[in-house]
Amino acid sequence: MLQKLMILFFMSWSLVASSQGTKQLNSSEIYEEIQKFNFLGSVLYVAAHPDDENTRLISYVSRGLHARTAYLSLTRGDGGQNLIGTEIRELLGVLRSQELQMARSVDGGQQFFTRANDFGYSKHPDETLEIWNKDQVFSDLIYTIRYFKPDIIINRFDHRTPGKTHGHHTSSAMLSVEAFDKANDPKVYPEQLSKVDLWQPTRQYMNTSWWFYGSRENFAKADKTNLISVDAGAYYPTLGISNNELSALARSKHLSQGFGSAGSRGSYEEYLELLNGDMPADKADLFGDINTTWTRVKGGAAIKQLMDKVVSNYSFNDPSLSVPALLQVYDKIDQVQDDHWKQIKKEELTNLIIQCSGVFLEASVESQYATRGDSIEIMIEATNRSTLGTTISDVLINGGSTGKGGPLESITENKWYHTKHLDNELPFSSPYWLEKKGTLGSYEVSDMDQRIRPESPPALAATFLVDIEGRNLAITRPVIYRQVDPA
């Protein structure tokens, strides 16, 4: 009944728009994004619930190593408790899904889910996998691996301890270990191959600690031959914060679970037990023996040469000085003969050029909700805060031209207004996993690509067609609800 009432509410009233403003990076944050663009390696962290993830390790891999990083939570935490409100079950799952995305916005990771429903505590993985429908959840896990293409998979829990801890926890590890080779098997879920390619991760770890050994004393005496350790307590001078402090900020986003943390400073060893693949020669290097430079892809050597110069010549006082070299990289990015990395890096590069240029792009509305049949006024802003020649050729709302644009003079605010009619083709902004009736163990989602996403796509999006120094860039922003607090 709760699910039906919630869907009815969304269908009747909600528009799409988020209240979050457009994020404009400072020069230190831009520099970190340049470092990330220059790193071609991926890590997928796997566990069962929101708040199971190790934000310290995720932030270390993402912010410290600059790797492309994601957390796959098999469930949305619907069966948990709520410290900050009365929402439970489906509504709590929506809340905790948002909290996970807030955490990822801090530690730099991406967020994925499966259709598994957190139905409450389970004593054994056999029970868990029967209620979840193992085939469905395993299919989503395989799809995530094939889509994200991680070099390294890290499990939060031990797959060898069925019945000794929460069945959801053990199940997440068991499924992950089983998926390590099967993601590269064309006989496993062949229907997925119309959208994603086969993928074989290089290695798989379990993120272990003294807790899994029963005590600190037991862990100190344990054989660590098959373990590597990394110091996840690094200090990031350009950000003015340590990894421990940053990960605590991410952890504190789990408000409903009461996981607020003050953070700490100094060294902190994270231990990883090798489960699959070869042990790196350097046990202090998570990506040891994996090529994470531009030379890993055909056509990337020329980009590496240009990016090495961008990094060494970067100006914290004027990031726009990097734009000419980044535009040269943009001219070469289509020559990369690896569709996976080309698509990812082209999007990153486009955003980098916009951020370095100081170009601000946003589409916003003054009402938080609307219904089909309404017409809303969208304010479009494009402001150029550099001396680079920049022009907006058009702004598209859901693919339709607004006819807005023109040259962007330096340090001059440009605003246009566009009236958008909301017709019956516009999707409702309900959480996609609640649109159909599911079961005790899993949600019903037919679209295999959508079912791993953290939330429904925005119903309204603006695509800015920008010309910077003769290069045509397309930048898409969600249409957001903007509110000014009078206080």
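Look a little higher up for the structure.
Here the structure is a predicted model, which means the values were calculated and not measured.

**Remarks on unusual backbone geometry**
Then step 1. A positive phi is found at His66, a non-glycine position, where the angle reads about 65 degrees.
Then step 2. Located in the positive-phi region is Tyr189, a residue other than glycine, with phi close to 45 degrees.
Then step 3. Take Tyr189: it is sitting in the loop between helix H7 (167–182) and strand S5 (203–208).

**Thoughts on the environment of Val310**
Then step 1. With respect to the helices and strands, the residue Val310 is situated in helix H10 (residues 301–313).
Then step 2. Distance in space between the C-alpha atoms of Val310 and Ser59 is 24 Å, their sequence separation being 251 residues.
Then step 3. When residues no more than four places from it in sequence are discounted, the contact partners of Val310 are Ile34, Ser322, Ala325 and Leu326.

**Focus: the pairing of strand S16 (residues 461–468)**
Then step 1. By the criterion of burial, S16 is predominantly enclosed, with 6 of the 8 residues buried.
Then step 2. Pairing of strand S12 (residues 390–397) with S16 involves 7 bridges; the strand directions are antiparallel. Counted as the bridge partner of Thr390 is Ile468 from S16.
Then step 3. The pairing of S16 with strand S17 (residues 471–478) spans 8 bridges and is classified as antiparallel. Residue pairing in the sheet places Leu465 in a bridge with Ala474 of S17.
Then step 4. Where S16 folds back onto S17 in an antiparallel hairpin, the turn is made up of 2 residues, including Glu469, whose phi is positive at roughly 50 degrees.

**Observations regarding the sheet that holds strand S11 (residues 375–384)**
By definition, the strands of a sheet pair up through backbone hydrogen bonds, in either a parallel or an antiparallel sense.
Then step 1. Read from one edge to the other, the open sheet built from 4 strands follows the order S15-S11-S10-S18, with strand pairing classed as mixed. Two strands lie at the open edges of the sheet, namely strand S15 (412–421) and strand S18 (480–481), each paired on one side alone.
Then step 2. Strand direction decides the pairing type here: S11 and S15, joined by 9 bridges, are antiparallel. Within the sheet, the bridge partner assigned to Thr383 lies in S15 and is Glu413.

**A word on empty space enclosed by the protein**
Then step 1. The final tally for this structure, using the stated rule, is 2 cavities of 30 Å³ or more.
Then step 2. When its volume is computed, the second largest cavity comes out at roughly 40 Å³.
Then step 3. Elements that contribute at least two residues to the lining of the second largest cavity include exactly helix H2 (27–37) and helix H3 (55–64).
Then step 4. Here the lining of the second largest cavity gets 3 residues from one element, more than from any other, and that element is H2.
Then step 5. The residue inventory of the lining of the second largest cavity, partitioned by class, reads no nonpolar, 2 polar and 4 charged.

**Structural notes on the sheet that holds strand S1 (residues 42–47)**
Then step 1. If you walk across this open sheet you meet the 7 strands as S3-S2-S1-S4-S5-S9-S6, and the pairing is mixed. Single-partner strands in this sheet number two, and they are strand S3 (110–113) and strand S6 (227–231). In this sheet, adjacent strand axes meet at a mean angle of 30 degrees when their direction is disregarded.
Then step 2. Note that S1 and strand S2 (residues 68–73) share 6 bridges and pair parallel. Within S2, the position partnered with Ser42 by the bridge is Arg68.

**With respect to the layout of surface pockets**
Then step 1. Volume-wise, the second largest pocket comes out at about 890 Å³.
Then step 2. What lines the second largest pocket is a set of 31 residues, among which Asn54, Arg156, Ser209, Trp211 and Tyr268 lie closest to the centre.
Then step 3. Within the residue set of the lining of the second largest pocket, elements represented by two or more residues are H3, helix H8 (216–221), helix H9 (243–251) and strand S9 (269–276).
Then step 4. Among the elements that take part in the lining of the second largest pocket, H9 stands out by supplying 4 residues, more than any other.

Scoring rules and cut-offs
Residues numbered from 1 in each chain as written. Predicted model: local features only at pLDDT ≥ 70, side-chain atom pairs only at ≥ 80, totals over all residues. Heavy atoms only, no water. Helix = DSSP H or I, 4+ residues; strand = E, 2+ residues; numbered from the N terminus. Contact = heavy atoms within 4.5 Å. Buried < 20%, exposed > 50% of the residue type's maximum accessible area, 1.4 Å probe, protein only. Pairing = 2+ DSSP bridges. 1 Å grid on protein atoms, 1.4 Å probe; cavity = no way out; pocket = protein on both sides within 12 Å on 5 of 7 lines; lining within 4 Å. Points joined across faces, edges and corners; volume = space filled by probe spheres on them. Nonpolar A, V, L, I, M, F, W, Y, C, P; charged D, E, K, R; others polar. Axes fitted to C-alpha atoms, helices over the stretch in contact; angles between N-to-C directions.

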